[in-house]
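# An overview of the molecular structure
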Protein chains: 2
Amino acid sequence: MSGLIEHTLRGSWTPSGAAAAPLSPHALRWLRQRIGLAETTTPAVPASLVEAPASALPDAARAELADLIGEQHVRTDAAARLGRAGGMSYTDLVRRRSSAEFAVPDAVLLPADPELVQRVLEVCVRHDVAVVPFGGGTSVVGGVDALRGGKTAVVALDLARLDRLVLLDPGSRIAVLQAGMRAAEAESLLAAQGFTLGHFPQSFERATIGGFAATRSAGQASAGYGRFEDMVEGVRLATPVGEWRIGVAPASAAGPDLRQLAIGSEGALGVITEVALRVRPAPAYSRYEAVVVDGWQAGLDAVRALAQGRVLADVTRLSDVEETAVQFELAGSTKARALRTLLRASGVRQPCLLVLGWDAASRDELRRRRAAAARALRGFRAVRLGRPVGESWRAHRFSGPRQRDALLDRGVCVETLETAAHWSGLSELRSAVRTALHRSLRVDGRAPVVMCHVSHAYETGASLYFTVLAARDEQDPIGQWRRAKHAACDAIAGRGTITHHHAVGADHLPWLGAEIGDVGTAVLAAAKDAVDPTGILNPGKLIRPAR
Amino acid sequence: MSGLIEHTLRGSWTPSGAAAAPLSPHALRWLRQRIGLAETTTPAVPASLVEAPASALPDAARAELADLIGEQHVRTDAAARLGRAGGMSYTDLVRRRSSAEFAVPDAVLLPADPELVQRVLEVCVRHDVAVVPFGGGTSVVGGVDALRGGKTAVVALDLARLDRLVLLDPGSRIAVLQAGMRAAEAESLLAAQGFTLGHFPQSFERATIGGFAATRSAGQASAGYGRFEDMVEGVRLATPVGEWRIGVAPASAAGPDLRQLAIGSEGALGVITEVALRVRPAPAYSRYEAVVVDGWQAGLDAVRALAQGRVLADVTRLSDVEETAVQFELAGSTKARALRTLLRASGVRQPCLLVLGWDAASRDELRRRRAAAARALRGFRAVRLGRPVGESWRAHRFSGPRQRDALLDRGVCVETLETAAHWSGLSELRSAVRTALHRSLRVDGRAPVVMCHVSHAYETGASLYFTVLAARDEQDPIGQWRRAKHAACDAIAGRGTITHHHAVGADHLPWLGAEIGDVGTAVLAAAKDAVDPTGILNPGKLIRPAR
């Protein structure tokens, strides 16, 4: 069983045993120059100083749950409850650091297996207790906020003990994993059998299999391995009206694909307890490299050529000019100078970094795939930066979230958001979102840093992933970001999807209706009523506001 | 606008202008020997001798519909109504030939565009008239049976006039097509712009874009171009509660993928009026070839190696020993003899034909892909039959359905069914279905011919497609096939999906519940109630029995 990660208010992301990433001296210098920086650090309020409100879980419910899953797995202590109070968005972190009020679950339940999850739901229905399924707790969209939705109490249903590899069918290349298994552990269990799942989102160190399914996750290597939904062969869910098992074949015409209704259901249509996943042989070779293309449009065209030629690298990631400049800057002044010299010599005026990561079963396959990509990139005058830059990206691929504590300590507003659209609409989409963020995040005349990259590419379009750094408005840090996010979402609506891989949660709910229409909204509500007639499942997320 | 195909009772499939395929003398000889054959032909009852029951469409509804879409587009004549009375399954054809009773729509409506389809639905709701969306009429599962579902009347909503290419976005490689456009016409319109959809089911000559989406179709080239659902970027539907537009980006995490709820909705959740589809450049080169592998298990392993190595040919189709023998036999005695000699010399005892069809943008790409497949096939001792056998398969790829009239004339029971499962379960699935069909179709001691092929392969599994030829039980031809189909479906249930690409319709409905469970059944019913509260849409198909 995987060790439960003890959540603390301070260590917002970094799992115990892993190191938080401090800011380097040149990063501090750069931040000071670009957005201003608090001269003194403002560390988070220690966990021990934060009090949890009294638990509202009725005694009868608590006793019944303790009988069912064991006294020690019905936790009402402050540490357990505060540790499952919300996710990992910037506003979550700010709220916790400042000891501001936020919704705290009345208890944390840790059932041991899918059958017990099913029975826990039945108890919660009887006692009218809301249930927030909790995996890695890495939601950045309010997906695990402990909202009561008008119920007597709300519990976090932590799936950490559902951490087994249930079945491996090597011939069919299918692994059945329990929902609470963390991605990193899934990878190491599969690696021991020669397989990989190939799902590497930035949340990899914490997030769980069930969470990936619930949120329609897409990993950094989705170009090669597919989005999470592409890997799902079957799903098992606990629902208030009974267990639900979906998926008996790789493909079917037996009506709508109900797997695709469970994937992205965000705990509102059931608690995912097991997922059957397509796995692949662990690659024997891999290679990460980088090239630079001159200008954003040329970069987009290059990625489009790779996608439409169906020769994408497994990881294909294109940064815009702003993001590329920051990445060079943060690599250190010596490296940055060398890169600038190289690019000037190559005539590149608007460098856009393109990271290409390859996995392969053999050197020969690696060579063939790289050659095919090189053919597709002919005509784009890509300048090779070689492996060090690509490998450096790989080395830091999961470290972004770990730097947030250090940034927050120094008064930086740091957050990300993402969208996707068809190729013909990407430029307008990017401009609109950049404009919205620039306008709304200007503080005392200082412009924010708004960076963008294509994180996932398809034949018909791509995702855009924005990272924002701004001086924090110390009077109203949460309002500051809320207004910016609101402006960005308004810019996205009508131009792209409100979220490409972060899910809807509570934060995107106001914009979902515009995307799926009244009929889509009605269908989701009807599906929810069918599986959760009393509305105990994750109130206020995805389907309807709790308040 | 595409010419409306005039349906006749006799010409069950063959579109006007195309030739029905007669049986060759050696095919007749072989059939006589294997299953017995009626010595005299029993042609179908001519259309002119069949009477349609009086139309039950209320005058008020008819007048309102005529006002809306034009008098001439509300057809109540016998020819129009009989021509939309059911689909193209064996039992459909038998019923029509014998002038047996079958459900006939009370009118055929031909609205001109999506807006009018929406308004037609609103009229039908007001007058409590059931609506059966009608595309190519090629359902083989009772998907377009004119069931009333307790309503006042039932109309066939024929989408033939929705036949426009609405939009082509070449940069994003997306074409928006209206639902009534036939596949063949879509291909030729796209070809004029240098593109292809790449969707080639056996129903290609008749079936429509909307029908493909409604039934989760899979074409013969799905290994290369994907199943139909893989091509769908967006769907527009008319529903009794309003228009529904789904899909704004190639991928999204904005909740469940509602496109995958519309795809496979079989007219029960709305009338699909437009589909946005991913297109690809029309291939400059293509090559069809065939190899033979020794034995079914070796063949399965070979296809699995191609699928899991991700080097499948665009068309990859493996016949079992029985189907291979029949294909050789029907190629004519000279060719059959030559093939047998070749295979004996190569030491192949149990020949299984593997057709590989390649599309490519260049000779070089073709060469590279074939070489990659050849590498994956190393060790399977595949014997090359070369291009003639592959090209012969291509030349006849759509002709199977056209031979059914000739077979029915000669007293043959001929039908197909399909399923899919994961690789580890395919052998048992095939055995169980074969046993069920053999047992149930034995007539007067004569065994049926039961052939099987893998028509679609995936990394985790494959489909199995069965073709059956048997002596017809002239006393009860429909009962004969119903019992066989029932036995086959019972054999499939619990081992694979009840349908891989033919949809549920009325025929598979009794087995759907076992596949998607009580919760899945409840979710579908709830979705239907949300979009079709009075239940006018395609009653008795997919979601609940009409009677």
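Residues numbered from 1 in each chain as written. Chains lettered and ligands numbered in written order. Predicted model: local features only at pLDDT ≥ 70, side-chain atom pairs only at ≥ 80, totals over all residues. Heavy atoms only, no water.

## A closer look at the overall build of chain A
Selection rule: A run of H or I in DSSP counts as a helix once it spans at least four residues, and a run of E counts as a strand once it spans at least two, with each numbered from the N terminus. When we talk radius of gyration, it's over C-alpha atoms, and the globule rule is simply 2.2 Å times the number of residues to the 0.38. Throughout, exposure labels follow a simple rule: accessible area from a 1.4 Å probe, protein chains only, divided by the maximum for the residue type, with under 20% read as buried, over 50% as exposed, and the rest as partly exposed. The contact criterion used is simple: two residues touch if any of their non-hydrogen atoms lie within 4.5 Å. Note on areas: these come from Shrake-Rupley sampling with a 1.4 Å probe, and a residue is covered only by the protein chains present in the view. Only four residue types enter the charge count, namely Lys and Arg as positive and Asp and Glu as negative; His and the chain termini do not. Every charge is mapped to an atom, namely NZ of Lys, CZ of Arg, CG of Asp or CD of Glu.
Regarding its fold elements, chain A presents 19 helices and 18 strands. The C-alpha atoms of chain A give a radius of gyration of 23 Å, which matches the 24 Å a tight globule of 547 residues would have. Projecting the C-alpha coordinates of chain A onto the three principal axes gives extents of approximately 75 × 60 × 45 Å. Buried residues in chain A amount to 64% of all 547 residues. Partitioning the contacts of chain A with sequence separation of at least 6, the portion at a separation of at least 24 is 77%. As displayed, chain A has an accessible area near 19200 Å², and 51% of this comes from carbon and sulfur atoms. Distance between charge centres in chain A, computed from 65 positive and 57 negative side chains, equals 8 Å.

## Brief notes about the sheet that holds strand 10 (residues 271-278) of chain A
Either a parallel or an antiparallel arrangement is found when strands of a sheet pair, and the pairing is made through backbone hydrogen bonds. All names here are of chain A. We apply this condition: Pairs of strands are assigned from DSSP output, requiring at least two bridges between the strands. Axis definition: a line fit to C-alpha positions, over the contact stretch in the case of helices; interaxial angles, taken between N-to-C directions, run 0 to 180 degrees.
On the basis of which strands lie adjacent, the open sheet formed by five strands has the order 5-6-10-8-9 and antiparallel pairing. The open sheet is flanked by strand 5 (165-169) and strand 9 (242-246), the only strands paired with a single partner. Adjacent strand axes in the sheet meet at a mean angle of 10° when their direction is disregarded. Examined bridge by bridge, strand 6 (residues 174-178) and strand 10 share five bridges and lie antiparallel to one another. The residue of strand 10 that forms the bridge with Ala175 is Leu277. Taken strand by strand, helix 5 (residues 114-126) contacts strand 6, strand 8 (232-239), strand 9 and strand 10, and its axis lies near 40° from that of strand 8.

## Regarding the sheet that holds strand 12 (residues 285-294) of chain A
Residue and element names in this part refer to chain A. Pairing within the open sheet is antiparallel, and its seven strands lie in the order 15-12-14-13-17-18-16. Edge positions in the open sheet fall to strand 15 (383-386) and strand 16 (412-422), since each of these has one partner strand only. Averaged over neighbouring strand pairs, the angle between their axes works out to 20° when direction is ignored. Summarising the sheet, strand 12 and strand 15 pair through three bridges and their orientation is antiparallel. In the strand pairing of strand 15, Val291 is matched with Arg384. The strands touched by helix 12 (residues 321-330) are strand 12, strand 13 (315-319), strand 14 (351-360), strand 15, strand 17 (449-454) and strand 18 (461-471); relative to strand 17, the strand with the most contacts, the crossing angle is about 105°. Packed on one face of the sheet, helix 14 (residues 363-377) meets strand 12, strand 14 and strand 15 and runs near 150° to strand 14.

## Some words on the relation of the copies chain A and chain B
Stated precisely, the cut-off is as follows: Residues below a pLDDT of 70 in either copy are left out; the C-alpha atoms of the rest, at least 70 in both, set the least-squares superposition of the copies.
Mapping chain A onto chain B calls for a rotation angle of 180° and an axial translation of 0.0 Å; the resulting RMSD is 0.0 Å. Expressed as a symmetry operation, the mapping of one chain copy onto the other fits a two-fold axis. Residues of chain A ranked by C-alpha distance from the rotation axis are headed by A:Ala526, positioned 2.7 Å from it. The share of interface residues of chain A whose copies in chain B are also at the interface is 100%, consistent with both copies meeting through the same surface.

## Observations regarding the UniProt feature "domain: FAD-binding PCMH-type" (unreviewed entry) in chain A
Worth spelling out the cut-off: UniProt positions are given in the numbering used here, feature names are shortened, and annotations may be inferred rather than shown by experiment.
Mapped onto the present numbering, the UniProt feature "domain: FAD-binding PCMH-type" (unreviewed entry) falls at residues 101-282 of chain A. Across residues 101-282 of chain A, the secondary structure splits into 23% helix and 27% strand, with the terminal C-alpha atoms separated by 45 Å.

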